[in-house]
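Listed below are the residues making up each chain.
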Amino acid sequence: MSNSLLLPDKDPMGCAIKEYFQKGKAAKLRVFSSQFDEDEIPVKHLFRSFEQMSALEQKALLLAKGKILDCGAGSGCHSLALQDMGKEVDAIDISPLSVEVMEKRGVKSVSNTDLFSHPAVQAYDTVLMLMNGSGIVGKVENMEKFFTKMKQILKPGGVIYMDSSDLRYLFEDEDGSFQIDLNGNYYGEVDFRMQYKQVKGNAFDWLYIDFQTLSLYASQYGFKAEMVEEGEHYDYLAAITFL
Ligand code: SAH
């Protein structure tokens with residue numbers, strides 16, 4: 001969980017977003033993890049239009065209503081699509097460079113804020129957490145802190161739309177059995193570190209969570225999770241309602 005704002009010299013994704021915004025192209029946004037091989041995020045993907053979004057994301061944007069918080073808004077792709085639909089959205093991100101780009105792209109209400117220190121009280125009907133939005137929770141042990149914050153900022157009856165993936169396929173053998181250490185950490189807890197050119201970010205925790213586990217935590221903290229739609233590869237969109 002990133003519990004504070006990033007400094008510009010520790011903000012590789014923001015750097016990549018800023019460069020892509022200014023030049024229409026960007027270098028590799030590299031992703032490292034202690035659990036996986038090096039990977040890369042195509043920076044262009046962070047600028048996807050409504051038509052280029054996955055069906056799950058489109059669904060979340062269509063369902064979002066009332067006053068909306070786009071949490072971890074990145075380049076502002078979802079906020080801009082919501083504004084185009086005439087919806088009212090506030091975008092937040094811990095990345096100062098992403099916030100700068102969102103302002104320039106025309107996102108009307110943007111702030112460089114960490115979700116976990118958001119001061120709003122009963123302000124939102126909808127919270128959007130997209131592109132594996134559960135990642136911002138960081139680890140399952142932060143679920144209590146996460147839902148406590150959601151109870152503060154959502155209006156009663158408000159809904160969180162969150163997408164995630166069940167990482168079980170990474171541990172599945174060909175015969176269908178699982179190689180998951182039940183005494184270890186939850187299998188969807190991952191660490192990442194990003195790099196853009198010479199700008200290296202700090203390592204951070206990122207949570208992938210299966211729907212059943214998410215539902216258990218939601219009900220423990222006064223929410224109800226429902227499956228909205230399943231994607232093509234263990235991914236899904238959940239609606240989590242504040243009861
Ligand atoms: N939603 C965007 C960006 C996803 S990347 C999209 O779908 O394209 C995740 C974003 O969440 C990053 O921009 C990161 O800076 C931001 N983020 C991570 N932790 C956060 C937190 N605690 N509060 C607010 N934003 C956060």
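Quick note: structure is the one above.
Below, the structure is looked at part by part.

Calculation criteria
- Residues numbered from 1 in each chain as written.
- Predicted model: local features only at pLDDT ≥ 70, side-chain atom pairs only at ≥ 80, totals over all residues.
- Heavy atoms only, no water.
- Helix = DSSP H or I, 4+ residues; strand = E, 2+ residues; numbered from the N terminus.
- Rg over C-alpha atoms; globule rule 2.2 N^0.38 Å.
- Buried < 20%, exposed > 50% of the residue type's maximum accessible area, 1.4 Å probe, protein only.
- Contact = heavy atoms within 4.5 Å.
- Areas by Shrake-Rupley, 256 points an atom, 1.4 Å probe, with all protein chains shown as cover.
- Lys, Arg positive; Asp, Glu negative; His and termini not counted.
- Charge placed at Lys NZ, Arg CZ, Asp CG, Glu CD.
- Core = buried A, V, L, I, M, F, W, Y, C linked by side-chain atoms within 4.5 Å.
- Near = heavy atom within 4 Å.
- Polar contact = N/O pair within 3.5 Å; in protein donor to acceptor, adjacent residues only side chain to side chain.
- Nonpolar A, V, L, I, M, F, W, Y, C, P; charged D, E, K, R; others polar.
- Pairing = 2+ DSSP bridges.
- Axes fitted to C-alpha atoms, helices over the stretch in contact; angles between N-to-C directions.
- Expected span 1.5 Å × (residues − 1).
- Disulfide = S-S within 2.5 Å.
- 1 Å grid on protein atoms, 1.4 Å probe; cavity = no way out; pocket = protein on both sides within 12 Å on 5 of 7 lines; lining within 4 Å.
- Points joined across faces, edges and corners; volume = space filled by probe spheres on them.

**Structural notes on the overall build of the chain**
So, point 1. A tally of regular secondary structure across the chain gives six helices and 12 strands.
So, point 2. The C-alpha radius of gyration of the chain comes to 17 Å, within 12% of the 18 Å expected for a compact globule of 243 residues.
So, point 3. Principal axes of the C-alpha set define a box for the chain whose edges measure 50 × 45 × 30 Å.
So, point 4. For the chain, the residues scored as buried account for 51% of the 243 residues in total.
So, point 5. Taking the contacts inside the chain whose residues are at least 6 apart along the sequence as the reference set, 66% of them involve residues at least 24 apart.
So, point 6. Summing over all exposed atoms, the chain offers an accessible surface of approximately 11900 Å²; the carbon and sulfur share of this is 49%.
So, point 7. Charged side chains of the chain number 25 positive and 36 negative; the gap between the two group centres comes to 8 Å.

**Details of the nonpolar core**
So, point 1. Leu115, Val127, Phe146, Ile160 and Ile240 are the most contacted members of the largest nonpolar core, which totals 55 residues.
So, point 2. If you tally residues by element for this core, the top one is helix H5 (residues 143–153), at five residues.
So, point 3. In this view, isoleucine 240 contacts Phe147, Gly158, Val159, Ile160, Met162, Leu214, Ala218, Phe223, Lys224 and Ala225; residues no more than four positions away in its chain are not counted.

**Some thoughts on the site of the ligand**
So, point 1. Arg48, Gly72, Asp93, Asp114 and Leu115 are the nearest of the 20 residues found near the ligand.
So, point 2. Here an oxygen atom of the ligand sits 2.7 Å away from a polar atom, N or O, in the side chain of arginine 48.
So, point 3. Contact distances for the ligand include 2.8 Å between a nitrogen atom and a side-chain N or O atom of aspartate 114.
So, point 4. Of the residues that constitute the shell around the ligand, the class distribution is 11 nonpolar, six polar and three charged.

**Considering the environment of proline 12**
So, point 1. In this structure, proline 12 sits in helix H1 (residues 12–23).
So, point 2. Residue proline 12 is classed as buried on the basis of its relative accessible area of 4%.
So, point 3. In this structure, the C-alpha to C-alpha distance between proline 12 and tyrosine 196, residues 184 residues apart in sequence, is 4.9 Å.
So, point 4. Contacts of proline 12, omitting those with residues within four sequence positions, involve Leu29, Met194, Gln195, Tyr196, Val199, Lys200 and Gly201.

**What about the environment of methionine 53?**
So, point 1. Along the polypeptide, methionine 53 turns up in the loop between strand E2 (39–41) and helix H2 (55–63).
So, point 2. Residue methionine 53 is classed as buried on the basis of its relative accessible area of 6%.
So, point 3. A C-alpha to C-alpha distance of 11 Å links methionine 53 and leucine 130, two positions 77 residues apart in sequence.
So, point 4. With near-sequence residues (within four places) excluded, methionine 53 lies in contact with Arg48, Gln58, Leu61, Cys77, His78 and Ala81.

**So, helix H6 (residues 211–220)**
Two residues of an α-helix separated by three or four positions point the same way, owing to the 3.6 residues in each turn.
So, point 1. Of the positions making up H6, those classed as buried are Thr213, Leu214, Ser215 and Ala218.
So, point 2. One side-chain oxygen at the N-terminal end of H6 lies 3.3 Å from the backbone nitrogen of glutamine 212; it belongs to aspartate 210.
So, point 3. Directly beyond the C-terminal end of H6, a positive phi value near 85° is found at glycine 222.

**What to know about the sheet that holds strand E12 (residues 235–242)**
So, point 1. In space, the seven strands of this open sheet follow the order E5-E4-E3-E6-E7-E12-E11, with mixed pairing throughout. The open sheet is flanked by strand E5 (110–111) and strand E11 (223–230), the only strands paired with a single partner.
So, point 2. The pairing of strand E4 (residues 88–92) with E5 spans two bridges and is classified as parallel. Paired with alanine 91 across the two strands is valine 110, which belongs to E5.
So, point 3. Running over the sheet, H2 touches strand E6 (124–129), strand E7 (154–165), E11 and E12 and is turned about 130° from E11.
So, point 4. Where H6 meets the sheet, its contacts fall on E7, E11 and E12, and the angle it forms with E11 comes to roughly 155°.

**Focus on H1**
So, point 1. Taking 1.5 Å of rise per residue, 12 residues should cover 16 Å, and H1 covers 16 Å from first to last C-alpha, within 8% of that figure.
So, point 2. Buried residues of H1: Pro12, Gly14, Cys15, Ala16, Ile17, Glu19 and Tyr20, and no others.
So, point 3. Structurally, H1 contributes buried residues whose contacts are with strand E1 (29–32), helix H4 (96–105), strand E8 (189–196) and strand E9 (199–200).

**A few points about the state of the cysteines**
So, point 1. As enumerated under the stated definition, the model contains zero disulfides in all.
So, point 2. Lacking any disulfide linkage, cysteine 15 is separated from the closest cysteine sulfur, that of cysteine 77, by 19 Å.
So, point 3. Cysteine 71 forms no disulfide, and the closest cysteine sulfur to it belongs to cysteine 77, at a distance of 14 Å.

**With respect to the layout of surface pockets**
So, point 1. A volume near 150 Å³ is recorded for the second largest pocket.
So, point 2. Lining the second largest pocket are 14 residues, and of these Phe171, Asn185, Tyr186, Tyr187 and Glu189 sit closest to its centre.

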